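# Analysis of the macromolecular model
One letter stands for each residue in the lines below.
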2 protein chains.
Amino acid sequence: MATINDIAKLAKVSKATVSKVINQHPGVKEETKKKVLRIMKQNNYWPNSVARSLSTHKSYTIGIFDPGRLNNFFFREVFEGIERVCGDKGYDILYFTDKKWDGSWVNFGYTEISKNRSVDGVIMMGFGRVEMSKFDALLASDMPTVFIDLDLVGKNASYVTSDNFNGAKTAVRYLCQLGHKKIAMITGPNGFKVATERFSGFQSALDEFNISYNPDWVFYGQYELETGYEAMKKILKMREKPTAIFAEDILAIGAIRAIRDHGFSVPEDFSIIGFDDIELSKHYDLTTIRQDKYMLGVSAAELVLKIINKKNSAPVILQTDLVKRGTCRRITG
Amino acid sequence: MATINDIAKLAKVSKATVSKVINQHPGVKEETKKKVLRIMKQNNYWPNSVARSLSTHKSYTIGIFDPGRLNNFFFREVFEGIERVCGDKGYDILYFTDKKWDGSWVNFGYTEISKNRSVDGVIMMGFGRVEMSKFDALLASDMPTVFIDLDLVGKNASYVTSDNFNGAKTAVRYLCQLGHKKIAMITGPNGFKVATERFSGFQSALDEFNISYNPDWVFYGQYELETGYEAMKKILKMREKPTAIFAEDILAIGAIRAIRDHGFSVPEDFSIIGFDDIELSKHYDLTTIRQDKYMLGVSAAELVLKIINKKNSAPVILQTDLVKRGTCRRITG
DNA sequence: CAGTATTTAGAAACCGGTTTCCATTATCCC
DNA sequence: GGGATAATGGAAACCGGTTTCTAAATACTG
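One structure accompanies this document, and this report is about it. (Residues numbered from 1 in each chain as written. Chains lettered and ligands numbered in written order. Predicted model: local features only at pLDDT ≥ 70, side-chain atom pairs only at ≥ 80, totals over all residues.)

In this complex, chain A contributes 41 residues to the contact, which on the side of chain B involves 41 residues. Listed by contribution, the elements that provide at least two residues to the side of chain A that touches chain B are helix H4 (49–56), helix H5 (72–88), strand S2 (92–95), helix H6 (110–116) and helix H12 (279–283) of chain A. The leading source of residues in the side of chain A that touches chain B is H5 of chain A, at eight residues. Grouping the constituent residues of the side of chain A that touches chain B by class yields 16 nonpolar, twelve polar and 13 charged. When S2 of chain A meets strand S2 (residues 92–95) of chain B, the two strands line up antiparallel, connected through three bridges. The residue bridging Ile-93 of chain A from the neighbouring strand is Tyr-95 of chain B, located in S2 of chain B. (Contact = placed C-beta atoms within 7 Å. Helix = DSSP H or I, 4+ residues; strand = E, 2+ residues; numbered from the N terminus. Nonpolar A, V, L, I, M, F, W, Y, C, P; charged D, E, K, R; others polar. Pairing = 2+ DSSP bridges.)

Put into structure tokens, the structure is as follows:
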């Protein structure tokens, strides 16, 4: 492949001049610029990214850290949103893999890893609220950073998330409006930001309707179908049972399966409302709160590009929608 | 961050020596090596990847092209397999986005794009059998390349795929063994390699059981639920109906939904067998042929690393499994 | 037309590494 | 102890760009 030196020779100018033409710097006569451009075109020349990165410390690359492996149901859509925006702006995506370092001494955190590759910014996704100190250096650094679903900010760091609180509140309010007074909640790991916020929304809606909340009807677990299934099994054994259940989609689906497996049905015996609107939910006709996952990715990418370009970096909170399908019914009394 | 020059100064040696230590080249006295290593450790130094790439033309990075956006149900798992292997070997993943070039003149194909970023190899996924000439340059180049589900080979190119022919054959044979003689097939776009192979497997199994195949019972379309749904609707209107249907999972699920929506049931009225074993299939209790998507990713990554290391590059064909669930039944007569 | 201001182009240093090749030093042998 | 040989370390070139700074060429004054 042609290099800048080849082009310089062919155009009988110095590489400095070629570089100026490439980068549209002033101080090159129109005539020479034309000549250089012609030669570049003839040779299908484009400056080498790596060399460019070395001298500019920029790379037209956005890094992604995703060590927790963002929930399968989410990943693809979020990634697609990121990809769309990055592509449109000419950026590629560097996905940092979990490496097992060869017992080498280096103690590289996210900042060092990112700088070592000269990425222009990073998107952090799939992190829980664990070991927050791991982010200190990154937050303090000048590396443009956007967290997905983790409300961390810094000089050059911000975040995007769905409005989990209001989304959950809408869900539970909807159940209340349908006449439900006994509402259970099954949710994710206790420390997770999203789970915490949704739980607050749950409580807030109940308050609004003057319903006291029963701690026995709140279950925590992993974001796995089994968690919902097991929690529901417990509910089914209770003397006093709730009439409705609020749970993230995959947990809600687990609950539905437990209900059916035990000879009951939805929504006749229990109303169920989910959160997320994952692909699967349609197949269970699950009424749920929709998060726009694609938009989450789009927003994250746009935000990191803004930070890179020194524009405003206010966090982005995406609104959610209530998607009414068939798992909730009105009850009386 | 410390550079090689800093280390050289601190250790009172030349950067050439530091470089030799880093790369474990011979010709450095044990004593100096120890000293240099100590200084490196003290300064948490690790050589800059970009600079390294520039001089070695290697980057410890695998590129991925995925313009067709590999089927949602596949992408995540395949990607995870790739990621696992790359991570274990110290490679990161560069995901090339679809860029809209700024009307610039450059006419860069996959080869140029890859070389421009100095990736060590590329994995091509989500491509159909369209415009094969786009791959000519890449196949002829020295860029280590692995195609997923596209049987292209070259000096430094190979591929991984599932054994679609035998997988399909197993599926249809299973139906035949259950007594079915009237079998329909719904499949993907006509030009796609995987669709073609599966169709051959379908035919081959029928031959084996001396069953003539009815062209009216073969449907092509996109890999979308609706395709299966619509095809099944047509089947339901036929005077002579098949008793069993073979279709890729998402199409099979579409068919199941159509069957149910029209008041029939599975497997009582129709036996259905799928192909892929996507996440959704469990939820429909779909009997299907399982492709190991994670392993597809693992194999692709391992293969590209082999090519990079000048080891053998024979294509990898993964075997499939019959997963018996509840959508097929034995019929008599 | 000489003197000054402005364009324009290029030389050189730099980004942070690797690698070749040569000079020095240490080791070996008789 | 001197000469040959092997081990060691560094200078310099290179990878392919960007950027600064200065020199040369051109244009503008009066």
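Glancing now at the protein's contact with DNA strand D. In the vicinity of DNA strand D lie 25 residues, with Ile-4, Ala-16 and Ser-19 of chain A together with Ser-14 and Ala-16 of chain B positioned nearest. Going through the elements one at a time, helix H2 (15–22) and H4 of chain A together with helix H2 (15–22) and helix H4 (49–56) of chain B are the ones with two or more residues in the surface near DNA strand D. Residues that form the surface near DNA strand D fall into these classes: ten nonpolar, eleven polar and four charged. (Near = placed C-beta within 6 Å.)

All right, on to the sheet that holds strand S6 (residues 183–187) of chain A then. Residue and element names in this part refer to chain A. Within the open sheet, the six strands sit side by side as S7-S6-S8-S9-S10-S12. Their pairing is mixed. Looking at strand neighbours, the two that pair on one side only are strand S7 (218–220) and strand S12 (321–323), the edges of this open sheet. Across this sheet, the average inter-strand angle for adjacent strands is 20 degrees, counted without regard to direction. Strand direction decides the pairing type here: strand S8 (residues 244–247) and strand S9 (residues 271–276), joined by three bridges, are parallel. (Axes fitted to C-alpha atoms, helices over the stretch in contact; angles between N-to-C directions.)

By nearness alone, 25 residues border DNA strand C, and Ser-14 and Ala-16 of chain A together with Ile-4, Ala-16 and Ser-19 of chain B come closest of all. Going through the elements one at a time, H2 and H4 of chain A together with H2 and H4 of chain B are the ones with two or more residues in the surface near DNA strand C. Residue composition of the surface near DNA strand C, by class: ten nonpolar, eleven polar and four charged.

With that settled, consider the pairing of S6 of chain A. Within S6 of chain A, five of the five residues are buried, which leaves it mostly tucked inside the rest of the structure. Here S6 of chain A shows a buried face lined by Ile-183, Met-185 and Thr-187 of chain A and a second buried face lined by Ala-184 and Ile-186 of chain A. (Buried ≥ 20, exposed ≤ 12 C-beta atoms within 10 Å, placed from the backbone.)

One copy of the chain maps onto the second through a rotation around an axis plus a translation along that axis. Its rotation angle being 180 degrees, the transformation that places chain A on chain B also includes 0.0 Å of axial translation and leaves an RMSD of 0.1 Å. When the rotation and shift are considered jointly, the pair of chain copies conforms to a two-fold rotation axis. Among all residues of chain A, the one whose C-alpha sits closest to the rotation axis is Leu-94 of chain A, at a distance of 2.2 Å. Of all interface residues in chain A, 100% are interface residues in chain B too; the two copies therefore contact each other through one and the same surface. (Least-squares fit on C-alpha atoms with pLDDT ≥ 70 in both.)

Let's shift gears to the sheet that holds strand S11 (residues 316–318) of chain B. The strand order S11(A)-S5(A)-S4(A)-S3(A)-S1(A)-S2(A)-S2(B)-S1(B)-S3(B)-S4(B)-S5(B)-S11(B) describes an open sheet built from twelve strands, whose pairing is mixed. The open sheet has two edge strands, strand S11 (316–318) of chain A together with S11 of chain B, and neither has a second partner. The average undirected angle you get between the axes of adjacent strands in this sheet is 20 degrees. Running at roughly 165 degrees to strand S5 (residues 157–162) of chain A, helix H13 (residues 293–308) of chain A makes contact with strand S1 (61–65), strand S3 (121–124), strand S4 (145–148), S5 and S11 of chain A of the sheet.

With that settled, the discussion passes to unusual backbone geometry. Each neighbour pair has its own omega, and for Val-266 of chain A with Pro-267 of chain A the value is 5 degrees, a cis peptide bond. The phi dihedral of Lys-310 of chain A is positive, around 60 degrees, even though this residue is not glycine. Tracing the backbone through its elements, the reader meets Lys-310 of chain A in the loop between H13 and S11. For Lys-310 of chain A, a count of 9 C-beta atoms within 10 Å translates into the label exposed. At Lys-12 of chain B, a position not held by glycine, the phi torsion is positive, near 55 degrees. You can see Lys-12 of chain B is positioned in the loop between helix H1 (4–11) and H2. Classification of Lys-12 of chain B as exposed rests on a count of 11 C-beta atoms within 10 Å.

For the rest of this paragraph, the subject is helix H8 (residues 164–177) of chain B. Residue and element names in this part refer to chain B. With 14 residues, H8 extends 20 Å from end C-alpha to end C-alpha; this agrees with the ideal 20 Å at 1.5 Å per step. For H8, the buried fraction is high: ten of the 14 residues fall into the buried class. Looking one or two places after H8, you find Gly-179, whose phi comes out positive at around 100 degrees. (Expected span 1.5 Å × (residues − 1).)

Residue and element names in this part refer to chain A. With respect to the element layout, Met-232 can be found in helix H10 (residues 225–237). When the C-alpha atoms of Met-232 and Val-78 are compared, they prove to be 30 Å apart, with 154 residues separating the residues in sequence. Once residues lying within four places of it in the same chain are set aside, the contact partners of Met-232 are Gly-254, Ala-255, Ala-258 and Ile-259.

With that out of the way, let us pick up the packing of helix H1 (residues 4–11) of chain A against H2 of chain A. All names here are of chain A. Contact geometry for H1 and H2: axes closest at 8 Å, N-to-C directions at 105 degrees. With respect to their mutual orientation, H1 and H2 come out roughly perpendicular. Along the contact surface, H1 presents Ile-4, Asn-5, Ile-7, Ala-8 and Ala-11, while H2 presents Lys-15, Val-18 and Ser-19. Taken together, the residues of the contact of H1 with H2 break down into five nonpolar, two polar and one charged. (Parallel < 35°, antiparallel > 145°, perpendicular 65-115°, else oblique.)

With that settled, consider the pairing of S4 of chain A. Residue and element names in this part refer to chain A. Neither face of S4 is open: one carries Thr-145 and Phe-147, the other Val-146 and Ile-148, and all of them are buried. One ladder, built from four bridges, connects S4 with S5; its direction is parallel. Along S5, the bridge assignment pairs Ile-148 with Val-160.

By the burial criterion, the buried members of H4 of chain A are Ser-49, Val-50, Arg-52 and Ser-53 of chain A. The buried side chains of H4 of chain A occupy one side of the element, clustering within an arc of 160 degrees when seen end-on. In this structure, the buried residues of H4 of chain A make contact with H4 and helix H6 (110–116) of chain B. Backbone geometry just downstream of H4 of chain A places His-57 of chain A in the positive-phi region, at approximately 65 degrees. (Arc of directions from axis to C-beta.)

What follows covers the packing of H1 of chain B against helix H3 (residues 30–42) of chain B. Residue and element names in this part refer to chain B. At their nearest, the axes of H1 and H3 sit 9 Å apart, and the two run at 125 degrees to each other. Taken together, the axes of H1 and H3 are oblique relative to one another. The chirality of how H1 crosses H3 is right-handed. Contacts between H1 and H3 involve Ile-7, Leu-10 and Ala-11 from the first element and Lys-35, Val-36, Ile-39 and Met-40 from the second. For the contact of H1 with H3, the residue count by class is six nonpolar, no polar and one charged. (Left-handed = near helix turned anticlockwise from the far one by under 90°.)

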